[in-house]
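Architecture and fold: a report
Residue-level listing of the chains:
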Amino acid sequence: MKKWGWLALIFWGILIWQAWSIYGEAMVPKRSMVEKAFARAKEAVGLVDVKKVYTYYGDEACTVFIGRTKQEETDVVVWVPEKKGDIVVKKANSGISEAEARAILQRDRHPQRVIDVTLGMEKGVPLWELTYIDAEGRYSFYYLHFADGSFLKRYSFQR
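Now for a look at the structure at hand. Computed from a predicted structure; not experimentally measured.

What counts and how
Residues numbered from 1 in each chain as written. Predicted model: local features only at pLDDT ≥ 70, side-chain atom pairs only at ≥ 80, totals over all residues. Heavy atoms only, no water. Patch = residues over 30% accessible without salt bridge, like charges linked within 9 Å, V, L, I, M, F, W, Y side chains within 5 Å. Areas by Shrake-Rupley, 256 points an atom, 1.4 Å probe, with all protein chains shown as cover. Salt bridge = Lys/Arg side-chain N within 4 Å of Asp/Glu carboxyl O. Helix = DSSP H or I, 4+ residues; strand = E, 2+ residues; numbered from the N terminus. Buried < 20%, exposed > 50% of the residue type's maximum accessible area, 1.4 Å probe, protein only. Contact = heavy atoms within 4.5 Å. Polar contact = N/O pair within 3.5 Å; in protein donor to acceptor, adjacent residues only side chain to side chain. Pairing = 2+ DSSP bridges. Axes fitted to C-alpha atoms, helices over the stretch in contact; angles between N-to-C directions. Core = buried A, V, L, I, M, F, W, Y, C linked by side-chain atoms within 4.5 Å. Expected span 1.5 Å × (residues − 1). Arc of directions from axis to C-beta.

Turning next to a nonpolar patch on the surface. Nonpolar side chains collect at one region of the surface, where Phe-11, Trp-12, Leu-15 and Ile-16 lie side by side and expose about 450 Å² of accessible area between them. Secondary-structure assignment places Ile-16 in helix H1 (residues 2–45).

Looking now at the side chain of Thr-118. On the secondary structure map, Thr-118 appears in strand S5 (residues 113–122). A relative accessible area of 4% places Thr-118 in the buried class. Ignoring sequence-local partners within four residues, the contact set of Thr-118 consists of Tyr-54, Thr-55, Tyr-56, Leu-127, Trp-128 and Glu-129.

In this section: the pattern of salt bridges. All chains considered together, the criterion is met by 8 salt bridges. Here Asp-75 makes a salt bridge to Lys-51, at a shortest N to O gap of 3.0 Å. Remark: Lys-51 occurs in strand S1 (residues 47–57) and Asp-75 occurs in the loop between strand S2 (61–69) and strand S3 (76–81); sequence separation between them is 24 residues. Classification of Asp-75 by relative accessible area gives buried; the value is 19%. Where Arg-68 meets Asp-75, a salt bridge forms, and the shortest distance between an N and an O atom there is 3.2 Å. Within this structure, Lys-51, Arg-68 and Asp-75 form a network of salt bridges that share partners.

Let's shift gears to the side chain of Ser-140. Inspection of the secondary structure puts Ser-140 in strand S7 (residues 139–145). A distance of 3.5 Å separates the side chain of Ser-140 from the side chain of Asp-134, its partner in a polar contact. With sequence-adjacent residues up to four places away left out, Ser-140 is seen in contact with Leu-130, Thr-131, Tyr-132, Asp-134, Tyr-155 and Ser-156.

Here 4 strands make up an open sheet; going across it, the order is S1-S2-S3-S4 and the pairing antiparallel. Sheet topology places S1 and strand S4 (88–91) at the edges, where each strand pairs with a single neighbour. Across the sheet, the mean angle from the axis of one strand to that of its neighbour is 20 degrees, orientation sign disregarded. The pairing of S1 with S2 spans 9 bridges and is antiparallel. Bridge pairing in S2 links Lys-52 to Ile-66.

Ranked by size, the top nonpolar core spans 23 residues in total, and within it Val-64, Val-77, Trp-79, Leu-119, Trp-128, Leu-130 and Leu-144 carry the most contacts. Elements with a contribution of two residues or more to this core: S1, S2, S3, helix H2 (98–109), S5, strand S6 (125–133) and S7. Sequence-distant contacts of Trp-128, that is, excluding residues within four places in its chain, are made with Tyr-54, Ile-96, Ser-97, Glu-98, Ala-101, Val-117, Thr-118, Leu-119, Tyr-142, Tyr-143, Leu-144 and Phe-146. Of all hydrophobic cores here, the second largest spans 9 residues; its members include Ala-37, Ala-41, Leu-47 and Phe-65.

With that settled, the discussion passes to H2. The first and last C-alpha atoms of H2 sit 16 Å apart over 12 residues, in line with the 16 Å expected at 1.5 Å per residue. Of the residues making up H2, those classed as buried are Glu-98, Ala-101, Ile-104 and Leu-105. Buried residues in H2, looked at end-on, bunch into an arc of 120 degrees, giving them a common side. Turned more than 90 degrees away from the buried face of H2 sit Ala-99 and Arg-107, all of them exposed. Those residues of H2 hidden inside the fold are in contact with S1, S5, S6 and S7. Of the residues one or two after H2, His-110 is the one with positive phi, at around 50 degrees.

In structure tokens form, the structure reads like this:
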């Protein structure tokens, strides 16, 4: 019986090790995208301290940093497109926060569960993308304008 216990332990150890290895390999492209975006942001706007990083995959992928630059005393939000394009910088207090975006979602849509909240940009418009499960159990997306929290669009689909 001891032999089966050791074999089971070895089997589970190998299984966990392989799962961890596959996950690590799957995350390499995302880490690379964030590193390249940070290098661009550091060079273009002098980003020195990063408090939060969002990765947005909309019409065009972008990485969004909340942090500080050498010149700014307050937090800034920096949108860095994955492909070539203009880097957009705004003061963090010029738009709504993640907590405010969540509150608007709660007030307007009454979600069962919020899955994710991400900063992004589509067609030059900075936005919040809120992913949630709605009251009918559908996987849903809700988009709010970063500047004032106004509604942009939403859509849902059955899981």
